[in-house]
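Single-letter residue listing:
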Amino acid sequence: MAAAQKKMPDPYFVTWNKQVGAAQMAVVGAEVDEFILDDDRRVYDFVSTSFQASFGHSCEPIRRRIHDQLDRMAIASPKSTFELKERVSARLSRLLAIDGDAPGKIFYTVSGSESVENALKIARHWSGRPVVLARNRSYHGATLGAMSVSGDWRSAPHLNFNKGTVRIPEPDDDPEAISFSRVVGSTGPENIAAVIVESISGVNGVVIPPQSWWEGVARTCRETGILLICDEVLAGFGRTGPPFAFHHFGIAPDIVCMSKGITGGYVPFGAVWVAPHVAAKYDHEVLACGLTNYGHPLGLAALDAVLDLFGDGSFVTAKTELEKAFGDSLGALGEMTQVERIRHCGLLAAIEFRTRAPDWQSALVAGLYLVTREKSIILAPPFVSTPNRLRAAFSVLHGLI
């Protein structure tokens, strides 16, 4: 018998992992709300891959629009103007529904990290101020600037620009934003360009700030000229129910960062919405921001299809029914003694356990793809799943707890 061949090291890095022994999933395809593994097993995508596959893995309207655009015009100069770019930009501004007849402007990117990066650059340049306020329990992206305002473990190994970042208390510890206003006072509002916050956080526990906190933060920003940046990279495009998570709170951010669900993950894409009073500065000053694939036609085509879905009554009705099934299933899960607490909004949830959470590998063997931590898991199913398929996935999850 021939000796077994030694497996060669992977010729690529596995993200956010030690490379030796890094867990991976061998896939050969994906359909609707599940992955197909190389042994023909199917795995329910309980977190929409990395939260971007909101419309599943085989959404025909998005796929068709990309194919049509590929045949028409696949690449464009960042300085190109064309009908799709103008129309989709206007549609996206309307979906944000912030300033009515004064829609602001869109800066396009190809990732959430780049959206945050450019939002920070614009805020600092517009204000002439160096400091950005940010939470510790946060994640805003993998580039150095975005990591400088991120507070979780992923920023720790890297030298970054966090000397320009001042941390603010967590909303649960400061529900009226009183301590927030004190941080502004001690830092000096004349030094602060912006505060950046995830409207509803994702992988750091689906933290939903109370209405009173949002009102206090927004009031302080208005009074001091500090820009309010809402990071909607994960929570945007219907993940928490309405088009954007900040819509829950009735606030009007100055800058909004978007990616992930903006194309359902079918094309790497992102955007930064900038309010009219911020955008006006660049009518006669140079905006020193740009990207090779700015306003990429394939990304715009995919976004156009996503916006169509939000206007499709049958899609909206099915999504609403799925949200109800999700909430009901979470309620039943919360009755288990092993579950300490559940936080959820729309189709996004964090489940905290009293001891240990099911581990990633065990969940995968059972047929579920999850985001897992030592004592918690995050759930974010695709919008195109069905209540029955969702309930079946929860039944598998029950068996793991």
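Note that this is a predicted model, so its numbers are computed, not measured.

> When you look at the overall build of the protein chain in this model, what are you seeing that I'm missing?
Scanning the protein chain from terminus to terminus reveals 12 helices and 15 strands. In terms of overall size, the protein chain behaves like a compact globule, its C-alpha atoms giving a radius of gyration of 21 Å where 401 residues would be expected to give roughly 21 Å. When its C-alpha atoms are laid out on the principal axes, the protein chain stretches across 75 × 55 × 50 Å. Out of the 401 residues in the protein chain, the part that is buried amounts to 52%. Considering only intrachain contacts with a sequence separation of at least 6, the fraction spanning at least 24 residues in the protein chain is 71%. For the protein chain, the accessible surface area stands at approximately 18,300 Å², while carbon and sulfur atoms represent 54% of it.

> I would appreciate a short explanation of the sheet that holds strand 14 (residues 371-372) in the present structure.
In sheet architecture, strand pairing relies on hydrogen bonds along the backbone and comes in two forms, parallel and antiparallel. Across the sheet, four strands lie side by side as 11-12-15-14; this open sheet has antiparallel pairing. The sheet is open, and its two edges are formed by strand 11 (339-345) and strand 14, each paired on a single side. Bridge analysis of strand 11 against strand 12 (residues 348-353) gives six bridges, and the strand direction is antiparallel. Looking at the pairing, Arg 343 lines up with Ala 350 of strand 12. Strand contacts of helix 10 (residues 313-333): strand 11, strand 12 and strand 15 (376-379), with the helix running at about 170° to strand 11, the strand carrying the most contacts.

> Before we go on, may I ask you to explain helix 4 (residues 112-127) in this structure?
Owing to its 3.6 residues per turn, the α-helix brings residues three or four apart onto one side. Taking 1.5 Å per residue, 16 residues should reach 22 Å; helix 4 reaches 23 Å between its end C-alpha atoms and fits that length. What helix 4 keeps buried is the set Gly 112, Ser 113, Ser 115, Val 116, Asn 118, Ala 119, Leu 120, Ile 122 and Ala 123. With a side-chain oxygen positioned 3.1 Å from the backbone nitrogen of Glu 114, the residue opening helix 4 is Ser 111. Backbone geometry just after helix 4 places Gly 128 at a positive phi near 70°.

> When you look at the confidence of the model for the protein chain in this model, what are you seeing that I'm missing?
Counting all residues, the mean pLDDT for the protein chain is 94, and 97% of those residues have values of 70 or more. Ignoring residues within four places in sequence, the model shows residues 1-6, a span with pLDDT below 50, making zero contacts including any to other chains.

> Looking at this model, I keep getting lost on the packing of helix 3 (residues 83-96) against helix 9 (residues 297-310). Mind explaining?
If you want to describe how two helices pack, look at the angle between their axes and the distance between the axes. Relative to each other, helix 3 and helix 9 sit at 45°, their axes nearing to 10 Å. Put simply, helix 3 runs oblique to helix 9. The crossing of helix 3 and helix 9 is left-handed. Where helix 3 approaches helix 9, its residues Leu 84, Lys 85, Arg 87, Val 88, Arg 91, Leu 92 and Leu 95 are matched on the opposing element by Pro 297, Leu 300, Ala 301, Leu 303, Asp 304, Leu 307 and Asp 308.

> Looking at this model, I keep getting lost on the pairing of strand 3 (residues 42-45). Mind explaining?
Regular strands have side chains that alternate between both faces of the sheet. Of the strand pairs in this sheet, strand 2 (residues 34-37) and strand 3 are connected by three bridges, and their pairing is antiparallel. If you follow Ile 36 over to strand 3, its bridge partner there is Arg 42. The turn linking strand 2 back onto strand 3 is made up of four residues, and Asp 40 within it adopts a positive phi angle of 75°. Judged from the two bridges that link them, strand 3 and strand 13 (residues 368-369) form a sheet pairing that is parallel. Paired with Asp 45 across the bridge in strand 13 is Tyr 369.

> I'm lost on the environment of Arg 219 in this one. Help?
Mapped onto the secondary structure, Arg 219 falls in helix 7 (residues 211-224). The partly exposed category is assigned to Arg 219, whose relative accessible area is 39%. Spatially, the C-alpha atoms of Arg 219 and Gln 361 are 46 Å apart, while their sequence positions differ by 142 residues.

> Which parts of the structure should I look at to understand the side chain of Gln 69?
Mapped onto the elements, Gln 69 comes out in helix 2 (residues 60-72). Overall, the relative accessible area of 5% leaves Gln 69 in the buried class.

> Please clarify how the nonpolar core should be interpreted in this entry.
Soluble globular proteins: nonpolar side chains tend toward being buried together. Counting residues in hydrophobic clusters, the biggest one holds 126 residues, and the most contacted among them are Phe 46, Val 195, Phe 237, Met 258 and Leu 379. Top element by residues in this core is helix 9. It accounts for 10 residues.

> What's the story with unusual backbone geometry in this structure? I'm lost.
In this model, Phe 51 sits at a positive phi of 75°, which is unusual for a non-glycine residue. Relative to the assigned elements, Phe 51 resides in helix 1 (residues 48-51). Assessed through its relative accessible area of 6%, Phe 51 is described here as buried. Positive phi, close to 45°, is recorded for Lys 260, a residue that is not glycine. Position of Lys 260 relative to the elements: it lies in the loop between strand 9 (255-258) and strand 10 (270-274).

> Would you explain helix 9 in this entry?
When the terminal C-alpha atoms of helix 9 are compared, their 20 Å separation across 14 residues agrees well with the 20 Å that a helix rising 1.5 Å per residue should span. Burial analysis of helix 9 places 13 of its 14 residues in the buried class, the great majority of the element.

> Would you mind showing me how to read the side chain of Glu 232 here?
Assignment of secondary structure puts Glu 232 in the loop between strand 8 (227-231) and strand 9. In this structure, Glu 232 is buried with no salt-bridge partner, the nearest side chain bearing the opposite charge being Arg 239 at 10 Å. Residue contacts for Glu 232: discarding those within four places in its chain leaves Ser 199, Phe 244, Ala 245, Phe 246, Val 256 and Cys 257.

About the criteria used
- Per-chain numbering applies: the sequence of each chain, read as written, is numbered from 1 onward.
- Residues qualify for local features only when their pLDDT is at least 70, as the model is predicted, and side-chain atom pairs are given and counted only at 80 or more; totals for whole chains, interfaces and linings, by contrast, use all residues.
- Hydrogens and waters are ignored; side-chain quantities use all the structure's heavy atoms.
- Working definition: helices are DSSP H or I runs of at least four residues, strands are E runs of at least two. Numbering for both runs from the N terminus.
- For the radius of gyration, the atoms used are the C-alpha atoms, and the globule rule reads 2.2 Å times the number of residues raised to 0.38.
- Relative accessible area decides the class of each residue, using a 1.4 Å probe on protein chains only: under 20% of the type maximum gives buried, over 50% gives exposed, and in between gives partly exposed.
- Working rule for contacts: check all heavy atoms of both residues, and any pair within 4.5 Å makes them a contact.
- With residues, only the protein chains shown are counted as cover, and all accessible areas are computed by Shrake-Rupley using a 1.4 Å probe.
- Two strands form a pair only when DSSP identifies at least two bridges running between them.
- Helix axes are fitted only over the stretch in contact, all axes being lines through C-alpha atoms; the angle between N-to-C directions runs from 0 to 180 degrees.
- Expected span, for any helix, means 1.5 Å times one less than how many residues it has.
- Between N or O atoms, a polar contact is any pair within 3.5 Å; within protein, one atom must be a potential hydrogen donor and the other a potential acceptor, and residues adjacent in sequence are included only when both atoms are from side chains.
- Residue-level confidence of the predictor is summarised by pLDDT, bounded by 0 at the bottom and 100 at the top.
- Each angle gets one of four labels, with under 35 degrees taken as roughly parallel, over 145 as roughly antiparallel, 65 to 115 as roughly perpendicular, and the rest as oblique.
- Throughout, a crossing is termed right-handed when the near helix is turned clockwise from the far one, and left-handed when it is turned anticlockwise from it by less than a right angle.
- What makes a nonpolar core is a set of buried Ala, Val, Leu, Ile, Met, Phe, Trp, Tyr and Cys residues whose side-chain atoms join them at distances within 4.5 Å.
- The charged-residue count follows a simple rule in which Lys and Arg add positive charge and Asp and Glu add negative charge, with His and chain termini not counted at all.
- Each salt bridge in this description consists of a side-chain nitrogen of Lys or Arg and a carboxyl oxygen of Asp or Glu lying within 4 Å of one another.

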